[in-house]
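# Tertiary structure, described
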Amino acid sequence: MVTSNQTLKLELDQRSLLQRLKLTDWIWAAMLLAGTFFVYGEYNELMDIYEKGILILTAATLLVMGFSWRALQILTTLIALLSLFALSRYGGELAQVEQDFFLKFMFSSQSAIMWMSALYVMATIAYFGWLFSQVEFVGRVASSMTWIATAMGFVGLMVRWYESYLIGTDVGHIPVSNLYEVFILFSIITALIYLHYEKRYNTRSLGGFVLLIISAAVGFLLWYAFDRNAAGIQPLVPALQSYWMKIHVPANFVGYGAFALAAMVGVVYLLKKRALDHNPTGVMALRLPELNMLDDVMYKSIALGFAFFTLATILGALWAAEAWGGYWSWDPKETWALIVWLNYAAWLHMRLTKGWRGRPMAWWSVIGLFVTLFAFLGVNMFLSGLHSYGEL
Amino acid sequence: MNLAITLLVAISFASIIGTVLQQNQPYSDYLLKFGPFWFEVFKALGLFQVYSAIWFLIILGFLVLSTSVCIYRNMPRMFREMQDFRLEVKEKSLRNHKHHNEWEVAAPIEECLSVSQELLAHHGFRLREKAGDNYQLLSAIKGAGSRWGYLLTHIAIVLICIGGLMDGNVLLKIAESLGEIKVEKRNILANEVPDISRLASSNLSYRGNVSIPEGGGANVVFLGYKDGYLVQQLPFTIEVEDFRIEHYESGQPKSFESDLVIVDDELEAPLRETISVNHPLTYKGVSIYQASFGDGGSKIELKGWSLAGAQKEPVAIKGIINQSQKIQTSIGEMDLELNDFRLFNIQPSPEEGRKFHNIGSSIQFKLRAATGEAKEYLNYMSPISTDGRLYFMSGVRSSPAEPFQYLYLPADSSASIHRFMTFYNRLKDSKGLHQLALKAASATTDSGAVPEGGQEEIANMMSMLVRIYVQGGMDAVIGAIESRIPEEKREEIAGIYVKILRHLLGTVYLDLLKEEGQSIEKGMSEFDSQFFEDAGAAIGAIERYGSPFYFQLVNYEHIQATGLQLTRSPGKNLVYPGCFMLALGVFLMFYMPQRRLWVWLRKKDGSVQVILSGNAVRNEMDFANEYQEIHEKLDEVFSPHT
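Remember, predicted model here, so these are calculated numbers, not experimental data.

When its secondary structure is counted, chain B shows 14 helices and 26 strands. The globule rule puts the C-alpha radius of gyration for 642 residues at 26 Å, and the 42 Å found for chain B is more than 25% above it. Here the C-alpha coordinates of chain B stretch approximately 145 × 65 × 50 Å along the principal axes. Restricting the contact set of chain B to residue pairs at least 6 apart, pairs at least 24 apart contribute 62%. A total accessible area of about 32200 Å² is found for chain B, and carbon and sulfur atoms account for 54% of it. Distance between charge centres in chain B, computed from 62 positive and 76 negative side chains, equals 6 Å.

So this is what it looks like as structure tokens:
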């Protein structure tokens, strides 16, 4: 209760974004820019104007993301250091994979991806361990393993990129060109989006569930690599030789990753709801996040996925106009992308305009994953068309 | 709105049908697949071209209409709302919002107001003030993205649909239903196509294909339409100087390139440009893409080794791919239709490590009998290594739906077909065969391997068996046994027959080896004995091969054709801006949601009563956090805990 007249004092943090940055932010930014300039200086003769644009935009995006989410600074630094270390061990010869200890067991693309796979699976177990035991240490281990697995996945892709050039300068290309490579991309992007929500909502109880789908992806990856012998680097068919691949594919996988995450959150929502109805004092009811929060994460994730999926489909259409002679050919992949898009458009419409919430939306989000999965894998397996780059 | 959702669901289902049922295939394939009844049903429903079926276009039209109406009705309200600061709110309704707090502050009202202004402005809100009769109202708004997002995305959908419809074949359909155009179904030359199946170069949009041989040119493209095609006139002529395929070291294709020359009266000099996949050329609004490639009429030379009558020397045949010619065979005149020549055949490699390898040139052709029946053949030029041995391979099939069945003719030590053909001709030469049979018979009667009898008789039987085998394979031999020998003795006799057959084949073969100058005293080399087995097997399979000739490709002059796709799509000019608006709109909608806050102040008994209240339509949780922050800050100011 205020008793006497007083002067009101409002203290606002008037520092601009730049002023709020710490020393480490500046150091990281300087390294990022130095790296970008180095790459530009070294390779600009080999890049076309679009690739230069992509390089610069990537650096700028990373800069903004790193400033607003500092954990990314550590992640990118780690990826850069490990990748550069691995590259230095090659000495320009692919055969070093068999000779060099570090390459053979740690950082050749195959080994790094094996580490990624193992760590994601272990992290899944750790997350569930934490959920049931609530031992803080276990939780921290789970998060750390997810971070390291993600870093190893990126390192694997980086090194693979380099390895492709060691096979032949005309063979070299960014490793997002076949099903094996995009499954790695899917795993690390899904994990990154999850880690973002983990920090933002300060909860680990979603972790095990989200990592389940990543583990499933890893399982597929391993089967595909060993049973189908699909881990080898293949040269690009002419239609894929384009800068569009560098933006179309990653944008798509932000979409797929976010949709997959939303579906797993949907599963958690349904579990929590069920637990609250049937066993309100059980582990599930007490330890899983609040329904409101789950609902919000689900929405955010679908919104993110939808935005990037829209972008990816548009980029795909623009690319198609250049490679296949028309921005839209009703090719099965295109058509299924449209179906996925319409599905989530309807989901968002219902939530935003009709205010639908809760169980039906959670179910819908889970079903959405199957639609997405069909667009992602089913089309390659069952339908033929122009877009047959990842055949099973 | 609900209508729109229904339409979207309808489009989804139609799309699913369109992906499950392969679109735009030849009608004969559908007929084969679904049978006459369902074929007619599906055809009537337009399921073979779902995306240009009338009903599908009507749904799209409705979508455009309903979205437009939606925009028209909502736009004015949305613009109003973006500007509307809701200054007329009542104290009571502020208290009804989910987020609201109150303070009593012992400070001048102006100061309270200015603090609030400063704080809200700091949070990025736009502000309006209103002085009521006994109160002051500060109204704040942030993020118009959701409304702009709505407008942009919905306008985008209309633009994209209209652009897409422009580039689709709606106009063609209308012209067809008015009887202005007619689909051409015959396989005739472009300049023979009647005018009613031709489209003028002024046609607004099209997407067609044309195959042009190196050194050739074209000023039309073919638009696949229903079960036929239309001929689209181009506003210029394209000439192809060269077509190139480059390969990676591993043999996979690396690039397809065509050197084009655009000839147009409006050009001062012909325009020369090289196009490749991902790098089209656009001229006069028409984009020219590298789409495929094929044979442009390669000149080839064949050797026809007779497989029917006795003929020692092969006949020489010259031909051009995509043309057909009459040839004389032992079973009458036949048409030799040369369909395709391939310079390279890249195949999965049996060796470890290398995934692909090149197995050389090949030719594909049909042999059509006078009855119209045809078999299709695929012959490789060079012998191909299988299990470490070389064979001349020739595939045969009766219909394109079947896989090729291969005949393996063994290559001799100099990788040529000569030894096999000589051996085969010897077996067909009845005189020579009989002499050798006599020789063999005397040898066998000495050793007692066959029952007693005159050598002449045994020799006759031997050569008869070989003749049956050469003409009809092992099936014919079995047939002969079945027709002559009583059932209980068949097994025994069959064993003897096979021995006899092998014996005479072997005798002929040894004779041949001797003639080649090989010493066979120490037995045959492994190569030669395996050759004998392979040759025997091949001869037994010739009947099933069913051709009077084995055509050996001996020489070629490769002339390629480039497959170009030409599109004119003015709808792009709507679709691309539409795409941009869509992407922008979606991001605005999700990441700049609208939020409202009010600060309501009234003097009351020497202090000031302050109400903070707010709401957001979307992203409530984020808003709750921001509200919380603002509330805490105000709380620090208005009720300091000192």
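Residues and elements named next belong to chain B. Among the structural elements, F580 can be located in helix 13 (residues 572-591). With relative accessibility at 58%, the residue F580 sits in the exposed group. Residues F580 and L63, spaced 517 residues apart in sequence, show a C-alpha to C-alpha distance of 20 Å.

Ranked by internal contacts, the top residues of the largest apolar core, which has 174 residues, are M116, Y120 and F253 of chain A together with F590 of chain B. Dropping the residues within four chain positions of it, M116 of chain A is found in contact with A149, M152, G153, I184, S187, I188, V218 and L221 of chain A. The next biggest cluster of nonpolar side chains, apart from the first, holds 68 residues, and it includes I300, L367, M381 and A411 of chain B.

Right, let's get into the sheet that holds strand 2 (residues 126-131) of chain B. Paired through backbone hydrogen bonds, the strands of a sheet run either parallel or antiparallel to each other. Residue and element names in this part refer to chain B. Strand order in the open sheet made by the 5 strands is 1-26-25-3-2, with antiparallel pairing throughout. The sheet is open, and its two borders are formed by strand 1 (99-105) and strand 2, each paired with just one other strand. Shown here is a sheet whose adjacent strand axes are inclined to one another by a mean of 15°, direction ignored. Relative to strand 25 (residues 595-604), strand 3 (residues 136-142) runs antiparallel, the two being bridged by 7 bridges. In the sheet register, L138 faces strand 25, and the bridge partner there is V599. Contacts from helix 5 (residues 109-122) reach strand 1, strand 2, strand 3, strand 25 and strand 26 (607-616), with the element oriented near 170° to strand 25.

Below, the discussion takes up the environment of L311 of chain A. In this fold, L311 of chain A is placed in helix 12 (residues 291-323). Linking L311 of chain A and V171 of chain A, residues 140 residues apart in sequence, is a C-alpha distance of 28 Å. Setting aside residues up to four positions removed in sequence, L311 of chain A forms contacts with A583 and F587 of chain B.

Residue and element names in this part refer to chain A. The N-to-C vectors of helix 12 and helix 13 (residues 332-353) enclose an angle of 145°; their axes lie 10 Å apart at closest approach. When the axes of helix 12 and helix 13 are compared, the crossing they make is left-handed. Taking contact as the criterion, the partners of D295, D296, M298, Y299, I302, A303, F306, F309, T310, T313 and A320 in helix 12 are, on helix 13, E334, A337, V340, W341, Y344, A345, W347, L348, R351 and L352. Classifying every residue of the contact of helix 12 with helix 13 by side-chain character gives 15 nonpolar, 2 polar and 4 charged.

Another aspect to go through is the sheet that holds strand 12 (residues 299-306) of chain B. Residue and element names in this part refer to chain B. Judged by pairing direction, the sheet is antiparallel, and its 3 strands sit side by side in the order 13-12-23 without closing on themselves. Pairing within the sheet leaves two strands with one partner each, and these edge strands are strand 13 (315-320) and strand 23 (549-557). Between one strand and the next, the sheet's axes are offset by a mean angle of 25°, whatever the strand orientation. Here strand 12 pairs with strand 23 via 8 bridges, running antiparallel. Its bridge partner lying in strand 23, K303 is registered against Q552.

Moving on, we come to the domain arrangement of chain A. Here chain A is partitioned into domain 1 (9-68), domain 2 (92-193 + 204-236) and domain 3 (237-392). Spacing between the C-alpha centres of domain 1 of chain A and domain 2 of chain A amounts to 26 Å.

Here the focus is the interface of chain A and chain B. By convention, interface size is frequently given as the accessible area that disappears when the constituent parts associate. Listed by partner, the interface residues are 67 residues for chain A and 68 residues for chain B. With both chains or domains summed, chain A and chain B bury close to 5500 Å², and 62% of this area falls on carbon and sulfur atoms. When the buried surface of chain A facing chain B is broken down by residue, L8, L10 and Y327 of chain A rank first, second and third, together holding 13% of it. For the interface between chain A and chain B, the tally reads 4 salt bridges. Here K254 of chain B and D170 of chain A are joined by a salt bridge, their closest N and O atoms 2.9 Å apart. Counting across the chain A and chain B interface gives 17 residue pairs in polar contact (both at pLDDT 80 or more). Top element by residues in the side of chain A that touches chain B is helix 12 of chain A. It accounts for 18 residues. A breakdown of the residues in the side of chain A that touches chain B according to their chemical character gives 39 nonpolar, 18 polar and 10 charged.

The subject of this paragraph is the domain arrangement of chain B. We note that the domain assignment places domain 1 (92-143 + 594-638), domain 2 (177-296 + 559-569) and domain 3 (422-552) within chain B. Of note, the centres of domain 1 of chain B and domain 2 of chain B, computed from C-alpha atoms alone, are 67 Å apart.

Let us look at the side chain of S66 of chain B. Position of S66 of chain B relative to the elements: it lies in helix 3 (residues 54-83). With residues up to four places along the chain from it excluded, the contact list for S66 of chain B reads L3, A4 and L7 of chain B.

On to the packing of aromatic side chains. If you walk through the whole model with that rule in mind, you get 70 aromatic pairs over all chains. Seen from their ring centres, Y197 of chain A and Y201 of chain A are 6.1 Å apart, and the 50° between their planes marks the pair as tilted. The residues Y197 of chain A and Y201 of chain A share a single accessibility class, namely buried. Measuring from ring centre to ring centre gives 3.8 Å for Y30 of chain B and F48 of chain B, while their planes differ by 15°; the resulting arrangement is stacked. Of the two residues, Y30 of chain B sits in helix 2 (residues 27-45) while F48 of chain B sits in the loop between helix 2 and helix 3, which places them 18 residues apart along the sequence. As far as the burial class goes, Y30 of chain B and F48 of chain B line up, both buried. Through pairs of rings, three or more aromatic residues link up here, namely F183, F186, F220, W223, Y224, F253, Y256, F259, F309, Y344 and F376 of chain A. Of note, R419 of chain B hangs over the ring of F531 of chain B, and the distance from its end group to the ring centre comes to 4.8 Å.

Turning our attention to the pattern of salt bridges. As a working rule, side chains carrying opposite charge can pair if their charged atoms are close by. Residue and element names in this part refer to chain B. Evaluated as defined, the whole model comprises 44 salt bridges over all chains. Residues R86 and E81 are paired through a salt bridge, measuring 3.9 Å at the closest nitrogen-oxygen approach. Classification of R86 as partly exposed rests on a relative accessible area of 24%. One salt bridge in this structure joins D534 and R389, with 3.5 Å as the shortest N-O distance. With a gap of 145 residues between them, D534 in helix 12 (residues 526-545) and R389 in strand 21 (residues 389-397) connect regions that are remote in the sequence. The exposure classification of D534 matches that of R389, with both residues buried. Taken together, the shared-partner salt bridges in this structure form one network comprising R77, E81, D84, R86 and R147.

Reading the values: the criteria
- Residues numbered from 1 in each chain as written.
- Chains lettered and ligands numbered in written order.
- Predicted model: local features only at pLDDT ≥ 70, side-chain atom pairs only at ≥ 80, totals over all residues.
- Heavy atoms only, no water.
- Helix = DSSP H or I, 4+ residues; strand = E, 2+ residues; numbered from the N terminus.
- Rg over C-alpha atoms; globule rule 2.2 N^0.38 Å.
- Contact = heavy atoms within 4.5 Å.
- Areas by Shrake-Rupley, 256 points an atom, 1.4 Å probe, with all protein chains shown as cover.
- Lys, Arg positive; Asp, Glu negative; His and termini not counted.
- Charge placed at Lys NZ, Arg CZ, Asp CG, Glu CD.
- Buried < 20%, exposed > 50% of the residue type's maximum accessible area, 1.4 Å probe, protein only.
- Core = buried A, V, L, I, M, F, W, Y, C linked by side-chain atoms within 4.5 Å.
- Pairing = 2+ DSSP bridges.
- Axes fitted to C-alpha atoms, helices over the stretch in contact; angles between N-to-C directions.
- Left-handed = near helix turned anticlockwise from the far one by under 90°.
- Nonpolar A, V, L, I, M, F, W, Y, C, P; charged D, E, K, R; others polar.
- Domains from an automatic or database assignment.
- Buried area = accessible area lost by both parts, 1.4 Å probe.
- Salt bridge = Lys/Arg side-chain N within 4 Å of Asp/Glu carboxyl O.
- Polar contact = N/O pair within 3.5 Å; in protein donor to acceptor, adjacent residues only side chain to side chain.
- Phe/Tyr/Trp six-rings, centres within 6.5 Å; stacked < 30°, edge-to-face > 60°.
- Lys NZ or Arg CZ within 6 Å of the ring centre and 35° of its normal.

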